[in-house]
Amino acid sequence: MAAEYYCADSENGHHIDDPSEDALFDLISELNDADNTFVVIQPDQDDPAWFASVAVLDEGGYETVRRDTTRREHEVTTDTSIGRIANDLIIWLAARDFPGQPTPQTSPF
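Asker: Before we move on, could you go through the packing of helix α1 (residues 21-29) against helix α2 (residues 82-94) and cite the residues and values that matter?
Answerer: It is at 9 Å that the axes of α1 and α2 come closest, and there the two elements cross at 130°. One finds that α1 runs oblique with respect to α2. By crossing handedness, the relation of α1 to α2 is classed as right-handed. Contacts between α1 and α2 involve E21, L24, F25, I28 and S29 from the former and I82, G83, I85, A86, N87, L89, I90 and L93 from the latter. Tallied by class, the residues present in the contact of α1 with α2 amount to 9 nonpolar, 3 polar and 1 charged.

Asker: Go over the packing of aromatic side chains, please, and point to the residues and values.
Answerer: Summed over the entire model, instances satisfying the criterion amount to 2 aromatic pairs. With centroids separated by 6.3 Å and ring planes inclined at 70°, the aromatic side chains of Y6 and W50 adopt a geometry described as edge-to-face. One end of the pair, Y6, is in the segment before β1 (7-10); the other, W50, is in strand β4 (residues 50-56), with 44 residues separating them in the sequence. In this structure, Y6 and W50 share a single accessibility class: buried. Taking 5.8 Å as the distance between ring centres and 80° as the angle between the ring planes, the aromatic pair formed by W50 and W92 counts as edge-to-face. Taken as a pair, W50 in strand β4 and W92 in helix α2 lie far apart in primary sequence, 42 residues in all. Comparing W50 with W92, the two get one shared label, buried.

Asker: I'd love a proper account of the environment of T64, names of residues and values included.
Answerer: Turning to its location among the elements, T64 is positioned in strand β5 (residues 62-68). A residue is classified by how much of its surface remains accessible, and T64, at 1% relative accessible area, is buried. Linking T64 and S53, residues 11 residues apart in sequence, is a C-alpha distance of 5.6 Å. In this view, T64 contacts S53, V54, E75, V76, T77, I85 and L89; residues no more than four positions away in its chain are not counted.

Asker: Let's hear about the side chain of S53: which residues, and what values?
Answerer: Within the element layout of this structure, S53 appears in strand β4. Sequence-distant contacts of S53, that is, excluding residues within four places in its chain, are made with V39, V40, E63, T64 and V65.

Asker: Can you break down the pairing of strand β3 (residues 38-42) residue by residue, with the values?
Answerer: Of the two faces of β3, only one is covered, namely that formed by V39 and I41; the face formed by F38, V40 and Q42 stays uncovered. Pairing of β1 with β3, which is carried by 4 bridges, proceeds in the antiparallel orientation. Considered in β3, the bridge of A8 is made with I41. Here β3 runs beside β4; their pairing, made up of 4 bridges, is antiparallel. Looking across to β4, one finds that F38 is bridged to A55.

Asker: Now, about α2: what can you tell me, with residues and values included?
Answerer: Here α2 is 13 residues long and its end C-alpha atoms lie 18 Å apart, about the 18 Å a rise of 1.5 Å per residue gives. Those residues of α2 that sit buried are I82, I85, A86, L89, W92 and L93. Looking down the long axis of α2, one finds its buried residues gathered within 130° of arc, a one-sided arrangement. Residues of α2 that are exposed and point more than 90 degrees away from the buried face comprise I91 and A94. Each element contacted by the buried residues of α2 is listed here: α1, β3, β4, β5 and β6 (73-79).

Rules and cut-offs
Once a new chain begins, its residue numbering starts again from 1 and follows that chain's sequence as written. In keeping with the model being predicted, local features are shown solely for residues with a pLDDT of at least 70 and side-chain atom pairs are shown and tallied solely at 80 or more, while totals for entire chains, interfaces and linings include all residues. As a rule here, side-chain values cover all heavy atoms of the structure and leave hydrogens and water aside. Lines fitted to the C-alpha atoms define the axes, with helices restricted to the stretch that makes contact. Angles between their N-to-C directions range from 0 to 180 degrees. Going along the chain from the N terminus, every DSSP run of H or I of four or more residues is numbered as a helix, and every run of E of two or more is numbered as a strand. Just so you know how the angles are binned, under 35 degrees is roughly parallel, over 145 roughly antiparallel, 65 to 115 roughly perpendicular, and the rest oblique. By convention, the crossing between two helices is left-handed when the near helix turns anticlockwise from the far helix through less than a right angle, and right-handed when the turn is clockwise. Should any heavy atoms of two residues lie within 4.5 Å, those residues are counted as being in contact. Under the convention adopted here, Pro, Cys and the residues Ala, Val, Leu, Ile, Met, Phe, Trp and Tyr are nonpolar, Asp, Glu, Lys and Arg are charged, and Gly plus all remaining residues are polar. Classification of ring pairs rests on two measures: the distance between centres of Phe, Tyr or Trp rings, Trp counted by its six-membered ring, which must be within 6.5 Å, and the angle between planes, read as stacked under 30 degrees, edge-to-face over 60 and tilted in between. When a residue's accessible area, from a 1.4 Å probe over protein chains only, is under 20% of the maximum for its type it is buried; when over 50% it is exposed; and in between it is partly exposed. Any two strands with at least two DSSP bridges between them are considered paired. Expected span of a helix: the number of residues minus one, times 1.5 Å. In this description, one arc is meant: the one made by directions from the helix axis to the C-beta atoms.

Right, here's the structure in full:
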């Protein structure tokens, strides 16, 4: 069964469809600087309009990249807290557009 919203793939081949915050935490926790240096989260489709990635930094900690071409967003941050990274990703992912799903609406109130 394909992902309904997005999937996460790590360098070592670990794949999760529609990962929860806990699953993202686990994927990031498994990253290392030898053979599993990054995880990418994106829609399960050809030429996705957005993605997020988390990579291990040589000096310690993690670099997170969030890019959404439809919203002209491109943000790069660094952090050492896996919990904070996973939480920030879940919040960012909730605001993405998904094929076949209604577009999130924002209220001026």
